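Structural features, examined
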Amino acid sequence: MLEFDNIEYTYPCNTTPAIKNLSWQIPVGRRCALIGRNGCGKTTLFRLANGLYQPQKGVIRYQGKPLRYNRKSLSDLRQKVGLVFQNPEQQLVATTVIEDISYGLCNLGVSEGEMRDRVRATLADFDLEDLAHTPINYLSLGQKKRVSIADVMVLAPQLLLLDEPTAYLDPYQVRQLRRMLNQIEKKGTTIAIATHNLDFVYAWANWVCVVDRGQIVAEDTPEGIFRRSEVVEGLGLGCPLAMSILEALHHDTPTEQALKDALFFQGKLD
Ligand SMILES: Nc1ncnc2c1ncn2[C@@H]1O[C@H](COP(=O)(O)OP(=O)(O)OP(=O)(O)O)[C@@H](O)[C@H]1O
Ligand SMILES: [Mg+2]
């Protein structure tokens, strides 16, 4: 569906590339999670995928066709490839919640009746009905994040890229998000996320790509990735809580301390 072919990208003010010789694919229907330490390049990759940045080297293809960077091609691309920003403050454009969720649909040119139905359903899905007419400025960060996800999900893109979707969300909203991802996937959307939430990765993804210093250094199933010590320990990523606890239970008589250590991804507590 989306293909990066030998991509290099350097930010205008930098000398070292943020993304280097990177080749990567998201096939249709795959639940892909990008993981990696702060600053490894996950957000940059998503912004390249959405055409916000143009690589200096290599080609990005969507459904086999190289991305083009004129206004019309980018607008077409962004109707098919939706990106939820890491920082919701950078994404919200309108004055109130309902206006923000309607904004993208106005640009798509859907009928007034359809827009009303889709916006109403999305407000309900994201528990935003009571906040529909609240000014965006009055929202908490978690509420803003929910609106930013709703903004993109309402458009039902073919490919949905979510940058840190669970950031700022409470546990109830994280469960809701997982339910919404399942729903949108059933309608035919392929989803990729970038995240530090390894429990979410373990529960949701079926493919994990590890990014390190601008390159994809490993790809595998979640179980496959988190059993690799060069990833868990070498890159310092740790592993999902469920796997750490299973490991603690497997190795020796589980003490309270062993289980507490598992919380810190197999490191010892101070
Ligand atoms: N606007 C920018 N201008 C210059 N350099 C940038 C800019 N945004 C990111 N970078 C640099 O590019 C590299 C990759 O950053 P990126 O935001 O893609 O990382 P990330 O994996 O998303 O990190 P995090 O987990 O903190 O979200 C980092 O070294 C960062 O300092
Ligand atoms: Mg990021």
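To keep things clear, this report deals only with the structure shown in the data block. The structure displayed is predicted, hence computed values, not measured ones.

Rules behind the numbers
Residues numbered from 1 in each chain as written. Chains lettered and ligands numbered in written order. Predicted model: local features only at pLDDT ≥ 70, side-chain atom pairs only at ≥ 80, totals over all residues. Heavy atoms only, no water. Salt bridge = Lys/Arg side-chain N within 4 Å of Asp/Glu carboxyl O. Helix = DSSP H or I, 4+ residues; strand = E, 2+ residues; numbered from the N terminus. Buried < 20%, exposed > 50% of the residue type's maximum accessible area, 1.4 Å probe, protein only. Donors = N, O, S within 2.8 Å, 3.2 Å for Na, K, Ca; no water. Near = heavy atom within 4 Å. Polar contact = N/O pair within 3.5 Å; in protein donor to acceptor, adjacent residues only side chain to side chain. Areas by Shrake-Rupley, 256 points an atom, 1.4 Å probe, with all protein chains shown as cover. Nonpolar A, V, L, I, M, F, W, Y, C, P; charged D, E, K, R; others polar. Expected span 1.5 Å × (residues − 1). Arc of directions from axis to C-beta. Contact = heavy atoms within 4.5 Å. Phe/Tyr/Trp six-rings, centres within 6.5 Å; stacked < 30°, edge-to-face > 60°. Lys NZ or Arg CZ within 6 Å of the ring centre and 35° of its normal. Pairing = 2+ DSSP bridges. Axes fitted to C-alpha atoms, helices over the stretch in contact; angles between N-to-C directions.

Before going further, it helps to spend a moment on the pattern of salt bridges. Counted according to the given criterion, the structure contains 10 salt bridges. Arg-61 is the salt-bridge partner of Asp-5, the closest N and O atoms lying 3.4 Å from each other. One end of the pair, Asp-5, is in strand S1 (residues 2-9); the other, Arg-61, is in strand S4 (residues 57-62), and 56 residues separate them in sequence. According to the relative accessible area criterion, Arg-61 is partly exposed, its value standing at 21%.

The next point concerns the coordination of the magnesium ion (ligand 2). Protein coordination of the magnesium ion (ligand 2) is provided by Thr-43 (OG1) and Gln-86 (OE1), with donor distances spanning 2.0 to 2.2 Å. With Thr-43 in helix H1 (residues 42-49) and Gln-86 in the loop between strand S6 (81-84) and helix H3 (97-108), this pair connects stretches of sequence that are 43 residues apart. The exposure class of Thr-43 is partly exposed, given its relative accessible area of 24%.

Now for the site of ligand 1. In the vicinity of ligand 1, 14 residues are found, and the nearest of them are Gly-39, Lys-42, Thr-43, Thr-44 and His-196. Note that a nitrogen atom of ligand 1 is positioned 3.1 Å from one of the side-chain N or O atoms of Asn-14. The contact in question runs from an oxygen atom of ligand 1 to an N or O atom on the side chain of Asn-38, over 3.0 Å. A total of 640 Å² of accessible area belongs to ligand 1 in isolation, and the protein chains cover 64% of it. Classifying every residue of the shell around ligand 1 by side-chain character gives 4 nonpolar, 8 polar and 2 charged.

On to helix H6 (residues 171-186), then. Between the first and last C-alpha of H6 there are 23 Å, a value that for 16 residues agrees with the 22 Å anticipated at 1.5 Å per step. Residues of H6 that are buried include every one of Gln-173, Val-174, Gln-176, Leu-177, Met-180, Leu-181 and Ile-184, and no others. Axial view of H6: buried residues confined to an arc of 155 degrees, hence all on one face. Away from its buried face, by an angle of more than 90 degrees, H6 presents the exposed residues Pro-171, Arg-175 and Lys-186. Against helix H4 (112-125), helix H5 (141-153), strand S7 (159-163), strand S8 (190-194) and helix H7 (198-204) lie the buried residues of H6. The N-cap residue of H6 is Asp-170: its side-chain oxygen and the backbone nitrogen of Tyr-172 are 3.0 Å apart. At the exit of H6 stands Gly-188, carrying a positive phi of roughly 110 degrees.

A ring pair, where both rings are aromatic, is described by two values, the distance of the centres and the angle of the planes. One pass over the full model with this rule turns up 5 aromatic pairs. Through a chain of ring-to-ring contacts, the aromatic side chains of Tyr-9, Tyr-11 and Tyr-53 assemble into a single cluster. When the ring centre of Trp-207 is taken as origin, the NZ or CZ atom of Arg-30, which lies over that ring, is 4.3 Å away. The positively charged end of Arg-47 is found above the aromatic ring belonging to Phe-85, 4.7 Å away from the centroid.

This brings us to the sheet that holds strand S2 (residues 19-26). With antiparallel pairing, 4 strands are arranged side by side in an open sheet as S2-S1-S4-S5. In this open sheet, the two edge strands, each paired with only one partner strand, are S2 and strand S5 (65-66). In this structure, S1 lies alongside S2, joined through 5 bridges in antiparallel fashion. Residue Leu-2 lies in a different strand from S2, and its bridge partner there is Ile-26. Sitting on the sheet, H1 touches S1, S2 and S4, and the angle it makes with S1 is about 120 degrees.

Even without being glycine, Asn-6 reaches a positive phi, approximately 55 degrees. Relative to the helices and strands, Asn-6 is located in strand S1. Of note in the backbone geometry, Asp-127 takes a positive phi value of approximately 60 degrees without being a glycine. Locating Asp-127 in the fold gives a position in the loop between H4 and H5.

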